[in-house]
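The lines below spell out each chain.
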Amino acid sequence: MNKKTAILCVLVIFMMASCKKEKETKISQKDNFWVVLDSEKAQKTEGEWSWEFQLKRPGDYNIQIFRKGKQDTALSKVSVMSAGVTLAEYPETIFVIGETENEETISQFAKTIKFDKAGLQTLTLKSDTPIDKIRISPQYNKNLGFGTDKYYDDWLKMHNSPEKQQALEWFKQAKFGMFIHWGLYSQAGGIWKGKRMEEAPAIGPKVSEWLMYKFEISRNEYAELAKTFNPDKTFAQNIAKLAKDSGMKYVVITSKHHDGFALFDSKVSEFDMVDATPYKADVVMELYDACLAEGLAFGVYYSHGNDWFDGADGNFKNVKKVNDSLGILSHPNGKNLWDPSPNTHAEYITQKALPQVSELLEALPELRLIWFDGDGYITENQAFEFYKTVYNSNPNVLVNRRVGFDFGDYLDAGDNKIPSASEKMSKHFETCGTTNNSWAYKSYDDDWKSTKELLYYLVDIASKGGNFLLNIGPDGEGHVPEQSAQGLLELGDWLKTNGEAIYGTTRWTTTREGNEDALLGGTEHRAKKGFSQTFSARDFWFTAKENKVYAIAFVQAETTVTIKSLKLANGKVESVRLLGDSSEIPWKQSVDGLEVDLTGIKTGLNGYVLEIIMKNE
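Structure report, in brief.

Parameters at a glance
Residues numbered from 1 in each chain as written. Predicted model: local features only at pLDDT ≥ 70, side-chain atom pairs only at ≥ 80, totals over all residues. Heavy atoms only, no water. Salt bridge = Lys/Arg side-chain N within 4 Å of Asp/Glu carboxyl O. Helix = DSSP H or I, 4+ residues; strand = E, 2+ residues; numbered from the N terminus. Buried < 20%, exposed > 50% of the residue type's maximum accessible area, 1.4 Å probe, protein only. Pairing = 2+ DSSP bridges. Contact = heavy atoms within 4.5 Å. Axes fitted to C-alpha atoms, helices over the stretch in contact; angles between N-to-C directions. Core = buried A, V, L, I, M, F, W, Y, C linked by side-chain atoms within 4.5 Å. Phe/Tyr/Trp six-rings, centres within 6.5 Å; stacked < 30°, edge-to-face > 60°. Lys NZ or Arg CZ within 6 Å of the ring centre and 35° of its normal.

Things to note about the pattern of salt bridges
Move 1: Summed over all chains, the structure comprises 23 salt bridges.
Move 2: Put simply, Arg57 and Asp149 hold a salt bridge, and the shortest N to O gap is 2.7 Å. With a gap of 92 residues between them, Arg57 in the loop between β4 (48-55) and β5 (59-68) and Asp149 in the loop between β12 (133-138) and α2 (152-159) connect regions that are remote in the sequence.
Move 3: Residue Asp149 is classed as partly exposed on the basis of its relative accessible area, which comes to 40%.
Move 4: When the shortest N-O distance is used, the salt bridge between Asp245 and Lys241 registers 2.7 Å. Of the two residues, Asp245 and Lys241 are both situated in helix α6 (residues 235-245); the distance of four residues between them amounts to about one turn of the helix.
Move 5: On the basis of relative accessibility, which here comes to 28%, the residue Asp245 falls in the partly exposed class.

A look at the sheet that holds strand β27 (residues 573-578)
Move 1: Strand order in this open sheet of five strands is β23-β24-β25-β30-β27, and the pairing throughout is antiparallel. Unpaired on one side and paired on the other, β23 (512-513) and β27 mark the two borders of the sheet.
Move 2: Pairing analysis gives two bridges linking β23 to strand β24 (residues 540-545), with the strands arranged antiparallel. Bridging from a neighbouring strand, Glu513 pairs with Phe540 of β24.
Move 3: The strands touched by helix α12 (residues 451-463) within the sheet are β24 and β25 (548-553), with β24 carrying the most contacts at an inclination of about 50°.

Some details on the environment of Phe372
Move 1: Assignment of secondary structure puts Phe372 in strand β18 (residues 369-373).
Move 2: On the accessibility criterion, Phe372 (0% relative accessible area) is buried.
Move 3: Considering only alpha carbons, one finds Phe372 and Asn400, 28 residues apart in sequence, at a separation of 6.3 Å.
Move 4: Non-local contacts of Phe372, meaning those with residues more than four positions away in its chain, are made with Tyr302, His304, Val357, Phe386, Val390, Val399, Asn400, Arg402 and Val403.

Looking at the sheet that holds strand β19 (residues 398-399)
Move 1: One open sheet accounts for eight strands, arranged β19-β18-β17-β16-β13-β22-β21-β20; its pairing is parallel. Every interior strand has two partners, whereas the edge strands, β19 and β20 (411-415), have only one.
Move 2: Along the sheet face, α12 touches β13 (176-180), β21 (429-433) and β22 (467-472) and points at about 155° away from the line of β22.

Focus on the pairing of strand β2 (residues 35-38)
Move 1: The two faces of β2 differ: Val35 and Leu37 on one face are buried, but Val36 and Asp38 on the other face are not.
Move 2: Across four bridges, the pairing between β2 and β12 is antiparallel. Note that in β12 the partner of Asp38 across the bridge is Lys133.

Points about the nonpolar core
Move 1: Counting 127 residues, the largest nonpolar core has Met178, Leu211, Phe298 and Ile370 as the members making the most contacts within it.
Move 2: When residues of this core are assigned to their parent elements, the largest contribution, eight residues, is made by α12.
Move 3: Other than its neighbours up to four places away in sequence, Phe298 contacts Val251, Ile253, Val284, Leu287, Tyr288, Cys291, Leu364, Glu366, Leu367, Arg368 and Leu369.

Some details on the packing of aromatic side chains
Move 1: On inspection of all chains with the given rule, the structure shows 37 aromatic pairs.
Move 2: An angle of 75° between the planes, with centres 6.3 Å apart, marks the rings of Phe229 and Phe261 as edge-to-face. Placement of the pair is Phe229 in the loop between α5 (219-223) and α6 and Phe261 in the loop between β16 (250-256) and α7 (273-276), with a sequence separation of 32 residues.
Move 3: Residue Phe261 is classed as buried on the basis of its relative accessible area of 3%.
Move 4: Here a set of aromatic residues connected by ring pairs shows up, and it is made of Trp182, Phe229, Phe235, Phe261, Phe271 and Phe309.
Move 5: In this structure, Arg196 packs its charged tip against the face of Tyr444, placed 4.1 Å from the ring centre.
Move 6: Taking NZ or CZ as reference, Lys233 lies 3.8 Å from the ring centre of Tyr279, over its face.

Without other data, these values stay purely geometric and don't point to any function.
This is how it looks when you write it as structure tokens:
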């Protein structure tokens, strides 16, 4: 062996030893998405433990501390640092698990840590109290993806089918839809026996479609509401016309919400519009026909995981039993624990939920989407079965994320939530929003969003490439509150002039300039914070279509404006046009931006849109 060969051998042996050591010291995420950090494998200093580990799935995680034996003494203040976040708390003891002699005490931080990226991570813990191990486990209500990946390949084949992709292309073009929350609860208007939703005993959302849950109304008593549910016969035509006049392209109605009542004629349940009410007609079919007559696409919302009438306890006890043995918290939000039906949740899935989804698909051949909700504690297999049922019946029907385990064809950002411009979405997204602070009719909620606020949400979402599904909550007669309808109609007026800047557009290289990204953080967030966004002549939002860029302003045109994002470095401008106006507009482009002279131009109170055609280079 010569000298060079000997050196090479030494290097190879050293590298192999290093790789082996690295493999031993780095910890990987398990199939159940836990990461277990043993104190014996940590890098230790006085009162401090540090680990490196591999994370497969980004998401929100709980941080749990394990101590050997049954510990009666609470933990002192502990700090943990990971993913750029520091938590400093007195973690509460939540479980003692294991058999006698092998017990473990588990304490958990109240706040979670969000890991934005997969890959190598570090975690450092500081504590005066000795620990046995750390467990990083998914936050109970934050799904991390395709579960075990068992069904991923089969799902992907269906999702990538020509029918699904064509349907997705339609969806991306549509941009703006109407959501309708309507059912037995609409008669109550958020009040039960003289008490408002905010006075109800149960913890949970204060939106009025949760009436049965919040007041823990028995199934028999709740069923009495069906006997008086006899809305206006012109409901379907009125709603379809409102959606059309508001510039919406599709309509989605709650065919069955969590209360278990179906607005359609079902063969597997008599708790429906035809069998249980004096109306005696299938209102879903009526609205379907009315929407098609108006040239609108049609979709249905269906609560598949939660059904407070026939869905037992929502599988809560089974999940809790397993979770308790593992030291994982289970939360009963949305589960009927006060008067559950005597069947099992699994029986409900096979005997009611899946058959009703099949009924809807058979009855509505031109259905465009099913908006599932309440996935909660359904299993991965059940979630996949819902997706597969839809695909096998009609592959042109889109399925949303909440079918469970990320088996959706598109994402929803959350109820009244708009993602930030920097947030990367793995699929096309939709934001669903309300015109006040409740989804279903709430007789005393007069916090109506102004036309300017609703328009801002529509434009902001479109600038980020998404769809806006804007909700109405008709009352028990089927009438839409005047303030809600007025806001929608004014949006429709704006879209008649400026719809080119919304329909069929995509995200441009820049989403906005001037104004900060004011995020909508959820239904209750908006209810508490209100809307304080202000706009100036320097603020613009952008959308794009082919070689066109649309610059959208929320104030009236007055004099000359400069759009900095359209400087020469970002492409040469060929022409500039004000949507809805045929007059010529003076403009010039420089290294500093696009200067447009709008002196003397009359625009609406809700602003204007400039169409900028870029030169093809």
